[in-house]
Amino acid sequence: MAVYTAVSASELTELCQRYGFAETSQLKGMAGGVENTTYQLISGEQRFILTLFEQGSGEDLDYFVQLLSFLATQGFAVAAPLPDLQGQVLHQIEGKPSLLFPFLQGQHPEQANAIQAKAIGQWLAQLHLAGQQFPIQRPNQRSIEWLQQRMPDVLAFLSEDDQRLMQKEVAQFAELLETYPDLPQGVIHGDLFRDNSFFAGDELTGVIDFYNGCTGHWLYDLAVVINDWSFQAGDEPNTSIGTAVLAGYQKVRPLRPDEQQALPGFLRACALRYWLSRLIAKHLSPPNEDQSSVIKDPEQYRKILVLRKRA
Ligand SMILES: Nc1ncnc2c1ncn2[C@@H]1O[C@H](COP(=O)(O)OP(=O)(O)OP(=O)(O)O)[C@@H](O)[C@H]1O
Ligand SMILES: N[C@@H](CCO)C(=O)O
């Protein structure tokens, strides 16, 4: 259960007054999630999601709020934060920056089918195209520079073979970016795993967790999705799912020839990115007791990297 901060009755009452909700509204902790405190807020027949951000000052939240509001006005299936009666979106609850979201219908597709995979590919390409009209920039916090800076921190936790693998892959990604310096960039989601999407049957009802959203390579975003959506069970990729994501994407925005050439390298780089971020989460940002059950396995992404190298 990802609830690190308890909300007092007085803070809940204040929140309800700001939104015009009944004072009988209740909070219920949500399972799932790693970083933030998430509650379901139940007000009569209505349900919402209340997120208290456990890290950071909330400065970056302004980017996410603006981006989500922009996407909602463009008709995207996203959970955009809701303004209170005064039009205020960002709140402080128990001293934490907090947002209230609409409750999305549906489930995360643990075993996604090809129709769902195609739908997420289409959604992603539409995001990339629409993002060209979004004026705010945010650097990618998981760029090649981040890989280069953070890699030395985790080498001590790896076997000699894995150290060599990681060093070589970081160097090869840097070379790839030099070989293809003009790949298109723009707004990306940055973390569109299956557990950040909701489907009711085969219909995509919404996408959440834009906290890795930034200005980055569109191909990077696509590679994150193809990796997570293809490796649904076991160690082998479900290639028909990867193909469906790509087909959905290209139906909306065909890849340029340089992107097609660079895609295999980006699939490796994105596997590397999650191998590294999960190693950091495991060894260098040790979870507290409540979080330990939700730490994601770095080994899964090392294996994906090795498989992507062989392909
Ligand atoms: N708008 C929403 N509608 C319905 N359920 C939601 C919504 N937003 C989040 N949830 C659910 O709440 C739980 C926690 O959310 P989430 O995964 O975003 O947590 P987090 O800690 O912010 O994320 P992360 O896993 O990236 O650290 C998840 O089970 C998710 O499905
Ligand atoms: N999607 C990430 C966790 C949230 O950033 C992972 O699977 O490692």
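Since we're looking at a predicted model, the values are computed, not measured. (Residues numbered from 1 in each chain as written. Chains lettered and ligands numbered in written order. Predicted model: local features only at pLDDT ≥ 70, side-chain atom pairs only at ≥ 80, totals over all residues.)

Colleague: Can you help me understand the pairing of strand β3 (residues 46-52) in this one?
Modeller: Across a regular strand the side chains alternate sides, sitting on one face of the sheet and then on the other. Two elements, strand β2 (residues 37-43) and β3, share seven bridges in a ladder whose sense is antiparallel. Residue pairing for β3: Thr-37 is matched across the bridge by Leu-52. Between β2 and β3, which pair antiparallel one after the other, the connecting turn spans two residues, and Gly-44 there sits at a positive phi close to 60 degrees. Sheet topology places β3 next to strand β5 (residues 96-102); five bridges connect them, and they run antiparallel. Bridge assignment links Phe-48 to a residue of β5, and that residue is Pro-102. (Pairing = 2+ DSSP bridges. Helix = DSSP H or I, 4+ residues; strand = E, 2+ residues; numbered from the N terminus.)

Colleague: What should I look at first to understand the site of ligand 2 in this one?
Modeller: As a matter of local geometry, ligand 2 sits amid Asp-191, Phe-193, Tyr-274, Ser-277, Arg-278 and Lys-296. A class-by-class count of the residues in the shell around ligand 2 yields two nonpolar, one polar and three charged. (Near = placed C-beta within 6 Å. Nonpolar A, V, L, I, M, F, W, Y, C, P; charged D, E, K, R; others polar.)

Colleague: Just checking my understanding: could you explain the nonpolar core for this structure?
Modeller: Burial of nonpolar side chains together is a common tendency in soluble globular proteins. Core analysis: the biggest nonpolar cluster contains 57 residues, and Ile-120, Leu-124, Ala-223, Val-225, Val-245, Cys-270 and Ala-271 have the highest contact counts within it. If one sorts the elements of this core by residue count, helix α8 (residues 257-284) sits on top with 11 residues. (Core = buried A, V, L, I, M, F, W, Y, C linked by C-beta atoms within 7 Å. Buried ≥ 20, exposed ≤ 12 C-beta atoms within 10 Å, placed from the backbone.)

Colleague: When you look at unusual backbone geometry in this model, what are you seeing that I'm missing?
Modeller: The general pattern is negative phi for most residues beyond glycine and trans for most peptide bonds. Phi at Glu-94 takes a positive value of approximately 50 degrees, unusual for a residue other than glycine. Relative to the elements of secondary structure, Glu-94 occurs in the loop between β4 (91-93) and β5. The class of Glu-94 is exposed, set by 12 C-beta atoms lying within 10 Å.

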